[in-house]
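One-letter residues, chain by chain:
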Amino acid sequence: RDVERSRGLGDVYKRQVMNFVTSLKYLQVLALCYCFGDISMSSFKFPMQNLRKLRLERITPWMTNDDLVVLAQNCRNLLELSLLGCPLLDPGWD
């Protein structure tokens, strides 16, 4: 039951993040850090052209180098990115 409840909360949380980000077209700074649960890559598969600073700390353990490319393509004006707790990222990747 606890797993089912946490999955349900995670789905609600993901939808809230997506709704939040898509409704704020002029958003320049977004910090999602140490939140309950994590978010999915689908939260970042749409353009956020005005985003300048993004902090994703301890909520994206699934992020791979390919996901990072998608994120960069959708946040073309990003100047500062902080990622913490992403064990799947390969620092030696070209």
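Quick caveat, the model's predicted, so the values are computed rather than measured.

Draft legend 1. The arrangement of the sheet that holds strand β3 (residues 80-84) in detail. Spatially, the three strands line up as an open sheet ordered β1-β2-β3, and their pairing is parallel. Two strands bound the open sheet, and with one partner strand each, they are β1 (29-33) and β3. Shown here is a sheet whose adjacent strand axes are inclined to one another by a mean of 5 degrees, direction ignored. With five bridges joining them, strand β2 (residues 53-57) and β3 adopt parallel strand pairing.

Draft legend 2. Main features of the confidence of the model for the protein chain. Confidence in the prediction for the protein chain averages 79 pLDDT; 79% of positions are at 70 or higher. Across the protein chain, the element-wise mean pLDDT spans from 58 in helix α1 (residues 2-23) up to 94 in β3. Here residues 1-9 is a poorly scored stretch, pLDDT under 50, and it has one contact once near neighbours within four places are set aside; other chains count.

Rules used throughout
Residues numbered from 1 in each chain as written. Predicted model: local features only at pLDDT ≥ 70, side-chain atom pairs only at ≥ 80, totals over all residues. Heavy atoms only, no water. Pairing = 2+ DSSP bridges. Helix = DSSP H or I, 4+ residues; strand = E, 2+ residues; numbered from the N terminus. Axes fitted to C-alpha atoms, helices over the stretch in contact; angles between N-to-C directions. pLDDT = per-residue confidence, 0-100. Contact = heavy atoms within 4.5 Å.

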